[in-house]
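Observations on the model geometry
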Amino acid sequence: QVQLVESGGGLVQAGGSLRLSCLASGRTFSSYAMDWFRQAPGKEREFVAGITRSGGTTYYADSVKGRFTIARDNVRNTVYLQMNSLKPEDTGVYYCAASEATRSSTYKYWGQGTQVTVSS
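This text gives an overview of the structure that appears in the document. (Residues numbered from 1 in each chain as written. Predicted model: local features only at pLDDT ≥ 70, side-chain atom pairs only at ≥ 80, totals over all residues. Heavy atoms only, no water.)

Details of the nonpolar core
We count it as follows: Among buried residues, the Ala, Val, Leu, Ile, Met, Phe, Trp, Tyr and Cys ones that are joined through side-chain atoms within 4.5 Å form a nonpolar core. Accessibility here uses a 1.4 Å probe with only protein chains present; expressed as a share of the type maximum, an area under 20% marks a residue as buried, one over 50% as exposed, and anything in between as partly exposed. Secondary structure follows DSSP: runs of H or I at least 4 residues long count as helices, runs of E at least 2 residues long count as strands, and numbering of each begins at the N terminus.
Core analysis: the biggest nonpolar cluster contains 28 residues, and L4, M34, W36, L81, M83 and Y94 have the highest contact counts within it. Of all the secondary-structure elements, those providing two or more residues to this core are strand 3 (18-24), strand 4 (33-39), strand 5 (46-51), strand 7 (68-73), strand 8 (78-83), strand 9 (92-99) and strand 11 (114-119).

Structural data, given as C-alpha cells:
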C-alpha cells in the first residue's frame, strides 16, 4: 500500500512560480512511475507531467512544456513539480498518481490533491 500526500499549492500571481511535492509512504516508491494531473473547475482531470521509475525520462503536456519540470528523489520518496511562468489557466487542483508506467490508462494510487490558484 502506498499513500501519496501533495503539498506546496497556494495562491500566486501570473508569472510567478510554485513547487509542488508529493511524498509517498512505503518502500516501493521507486517501483512506480509518477504522474501529475490537474483538474480545473468544471473541467476533466488532465495529464500534466510524468516521470519514469528511474527518473530518466519525463513527459509533459504541450500546455506546460518549457514552464514546468517534473523530478523525483527515490531516496526521499518524493516527486516534485516545479512550475514557472504560471498562467491563470494553470489554476486547478493538482494530483500526483502512481502507476506501472507514465500516462497509463489506470493508476494504482492517487493523492488527495493540492490547490493551485493563479491570479491575473
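Let's talk about the packing of aromatic side chains
Rules: Centres within 6.5 Å make a pair out of two Phe, Tyr or Trp rings, where for Trp the six-membered ring is used; the pair is then stacked when the planes are under 30 degrees apart, edge-to-face when over 60, and tilted otherwise. Each ring is checked for a lysine NZ or an arginine CZ that lies within 6 Å of its centre and within 35 degrees of its normal; such an atom marks a charge sitting over the ring.
Within the structure shown, the criterion is met by six aromatic pairs. With a centroid separation of 5.8 Å and an interplanar angle of 90°, the aromatic rings of Y32 and Y109 are classed as edge-to-face. Here Y32 is found in the loop between strand 3 and strand 4, whereas its partner Y109 is found in strand 10 (residues 109-110), with 77 residues between them in sequence. Look at Y32 and you get buried, because its relative accessible area is 9%. When its relative accessible area of 13% is taken as the criterion, Y109 is described as buried. With centroids separated by 5.3 Å and ring planes inclined at 55°, the aromatic side chains of Y107 and W110 adopt a geometry described as tilted. The class of Y107 is buried, set by a relative accessible area of 15%. The class for W110 is partly exposed, based on a relative accessible area of 34%. The ring of Y95 carries the charged tip of R45 above its face, separated from the ring centre by 4.1 Å.

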